[in-house]
Amino acid sequence: MHVEFSLVFLIAIANCALSFNCETSAQGFDRLQDIGIKWTTRWLSKSSVRICNCSVQVAKEAFQFENIDIWHVSSNTIELCTSVPNHELEKRYPLQQCREMKKLKELVNLEDINDSGCFRKRPHHMIHSRAINNSNVTSIQNKSDNDDILTLKWFDRNHNLSDIETWYNELASRYSDLVYINKSIGLTRRGIDIFAVHISHGQKPSSKPKIYLQCLLHAREWISGSVCMYISLHLVQESNKKQVSKLLNQLEFILVPVANPDGYALTWFRYPLYRHWRKNFARFNNTHCIGVDLNRNFDIHWNESGTSSDPCNTVYSGPSAQSEPEVQAITAYVLNNKPVYGAIDIHSYGQYVLYPYGWTSDLPIHIRRLQNVARRLSESIEMVNGTFYMAQSMGSVYLASGTFGDWYESLSCRL
């Protein structure tokens, strides 16, 4: 089996319904009690939020923190698109005066609201293990000790950060001849370790050509984390088969399963209000808004296209190129593990196999090789379950500069 990884391509594994259909409706709106802020809201609908006696900007930043899309802002009204139901909004904002809206900036410390409506702090470690009451999410704590987590049954549910770490530790323990875990390739903004997994025959790390994969660079794309785990499980459980064994003899696979631990933990800790949080957890002194889109922060055509310089925007590119510790850790680890023959950044935007460039609609000089590998990947996916993935350049779908894909492509000739 001849394997050629001469490119980086972005594989979009599944569409996680991250966009909303915000149709304006004149009926069915529920007006919450006037508690200093008036708003009307409708499930998955365009809504109006009326601000009284306080700054529209403060409210805008607060709602942005909740990852609610802002559609329009006037002098006293914010129109937004939200998947948060009325009772959750009412519970989340038990504010008696508009000035208390400013307290929302304290949420960057992961503070919670107690029964009296006052803010209280949660211990830092709880962002790893908050229990979620939802049929599609689970925790190892709720599972029997006799359950084998290294089976396909594991993929029936989503799993939080702590459980993902436990799963990989079990994988490394059971397949110690194949799996090595680097517990920390760097720290996040909140001081959480970013771990990496090496899978190969023989010594690890090695001088073999490497294939690099990363998942959950965007926190809300939960399915991408499952893809990293599935690939890892397949490699070790099929390692005695000829084709996989040959791969593991010739190559070393490096995976960063949770490239954005802070953001991913937040999607669980504040579920469901932060379920669609995309960015990391960077704080800035001059704004209440938090977070940088890590896939706009790489040092390649930074902040040129498909990005924003507004910290309240979901595609905020950060104060400078490679300003975020997560991006610094990823780039350093790739460079320190040469030779890296190929890299895959797994997302869940849609059914696409995307290759560089993202910052422009122009195509690289070796476009034929990129198109060939992308086409073969698309065909391979279709042969498994009949699902078609469109293979094309990212720039032909949407422009995005400062991405991991373009960054790796710029280095590939030197790796």
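Structure: above.
A quick note: this is a predicted structure, and the numbers were derived from the prediction, not measured.

What counts, and where the lines are drawn
Residues numbered from 1 in each chain as written. Predicted model: local features only at pLDDT ≥ 70, side-chain atom pairs only at ≥ 80, totals over all residues. Heavy atoms only, no water. Helix = DSSP H or I, 4+ residues; strand = E, 2+ residues; numbered from the N terminus. Buried < 20%, exposed > 50% of the residue type's maximum accessible area, 1.4 Å probe, protein only. Contact = heavy atoms within 4.5 Å. Areas by Shrake-Rupley, 256 points an atom, 1.4 Å probe, with all protein chains shown as cover. Phe/Tyr/Trp six-rings, centres within 6.5 Å; stacked < 30°, edge-to-face > 60°. Lys NZ or Arg CZ within 6 Å of the ring centre and 35° of its normal. Pairing = 2+ DSSP bridges. Salt bridge = Lys/Arg side-chain N within 4 Å of Asp/Glu carboxyl O. Arc of directions from axis to C-beta.

*Asks:* Describe the overall build of the chain, listing the residues and the values that go with them.
*Replies:* A tally of regular secondary structure across the chain gives nine helices and 17 strands. Burial statistics for the chain: of 415 residues in total, 54% are counted as buried. Long-range pairs, those at least 24 residues apart, make up 70% of the contacts in the chain between residues at least 6 apart in sequence. Total accessible area computed for the chain in this model is approximately 18500 Å², and 46% of it derives from carbon and sulfur atoms.

*Asks:* How would you sum up the packing of aromatic side chains? Please name residues and give values.
*Replies:* Within the structure shown, the criterion is met by 14 aromatic pairs. Ring centres of Phe-155 and Tyr-230 lie 5.6 Å apart, and the angle between their planes is 70 degrees; on these two criteria the pair is classed as edge-to-face. Of the two residues, Phe-155 sits in the loop between β9 (137-138) and β10 (158-159) while Tyr-230 sits in helix α4 (residues 222-237), which places them 75 residues apart along the sequence. For Phe-155, a relative accessible area of 22% gives the class partly exposed. Seen in terms of ring centroids, Phe-298 and Trp-407 are 6.1 Å apart; in terms of plane orientation they differ by 40 degrees. Their pairing is tilted. Residue Phe-298 is located in the loop between α6 (261-269) and α7 (325-335), and its partner Trp-407 is located in helix α9 (residues 404-411); the two are separated by 109 residues in the primary sequence. Overall, the relative accessible area of 0% leaves Phe-298 in the buried class. Overall, the relative accessible area of 5% leaves Trp-407 in the buried class. Taken together, Trp-154, Trp-167, Tyr-168 and Phe-195 form an aromatic cluster joined through their ring pairs. Across from the ring centre of Trp-222, 3.7 Å away, lies the NZ or CZ of Arg-275, which sits over that ring.

*Asks:* Describe the pairing of strand β13 (residues 210-215), and please don't skip the residues or the numbers.
*Replies:* In terms of residue burial, β13 counts as a mostly covered element, since six of its six residues are buried. Of the two faces of β13, the one holding Lys-210, Tyr-212 and Gln-214 and the one holding Ile-211, Leu-213 and Cys-215 are both buried throughout. Here five bridges tie β13 to strand β14 (residues 252-256), and the two strands are oriented parallel to one another. Opposite Gln-214, over in β14, you have Val-256 as the bridge partner. Relative to strand β15 (residues 340-347), β13 is paired through six bridges, and the arrangement is parallel. Across the sheet, the residue bridging to Lys-210 is Val-340, located in β15.

*Asks:* So what about the pattern of salt bridges? Which residues, and what values?
*Replies:* Summed over all chains, the structure comprises seven salt bridges. Asp-148 is paired through a salt bridge with Arg-174; the nearest N and O atoms lie 3.2 Å apart. One end of the pair, Asp-148, is in the loop between β9 and β10; the other, Arg-174, is in helix α3 (residues 161-174), and 26 residues separate them in sequence. Judged by its relative accessible area of 40%, Arg-174 falls in the partly exposed class. For Arg-174, the salt bridge goes to Glu-170, with nearest N and O atoms at 2.8 Å. In this pair, Arg-174 and Glu-170 both sit in helix α3, four residues apart, roughly one turn of the helix.

*Asks:* I'd like to hear about unusual backbone geometry, residue by residue, with values.
*Replies:* Of the consecutive residues Tyr-271 and Pro-272, the connecting peptide bond is found in the cis state with omega at 5 degrees. Among the secondary structure elements, Pro-272 is positioned in the loop between α6 and α7. Looking along the chain, the bond that leaves Pro-356 and enters Tyr-357 is cis, with omega of 5 degrees. If you trace the backbone, Tyr-357 turns up in the loop between β16 (352-355) and α8 (367-385). The residue Leu-216 is not glycine, and still its phi comes out positive at about 60 degrees. On the secondary structure map, Leu-216 appears in the loop between β13 and α4. Residues other than glycine seldom take positive phi values, yet Asn-303 does so here, at roughly 60 degrees. In this structure, Asn-303 sits in the loop between α6 and α7. By relative accessible area, Asn-303 is classed as partly exposed at 28%.

*Asks:* Which residues make up helix α5 (residues 242-250), and what values go with them?
*Replies:* Where α5 is concerned, the buried positions are Val-244, Ser-245, Leu-247 and Leu-248. Each buried residue of α5 lies within a common arc of 160 degrees when the element is viewed along its axis, so the set occupies one face. Exposed residues lying more than 90 degrees from the buried face of α5 are Lys-242 and Gln-243. Elements that come into contact with the buried residues of α5 comprise β12 (193-199), α4 and β14.

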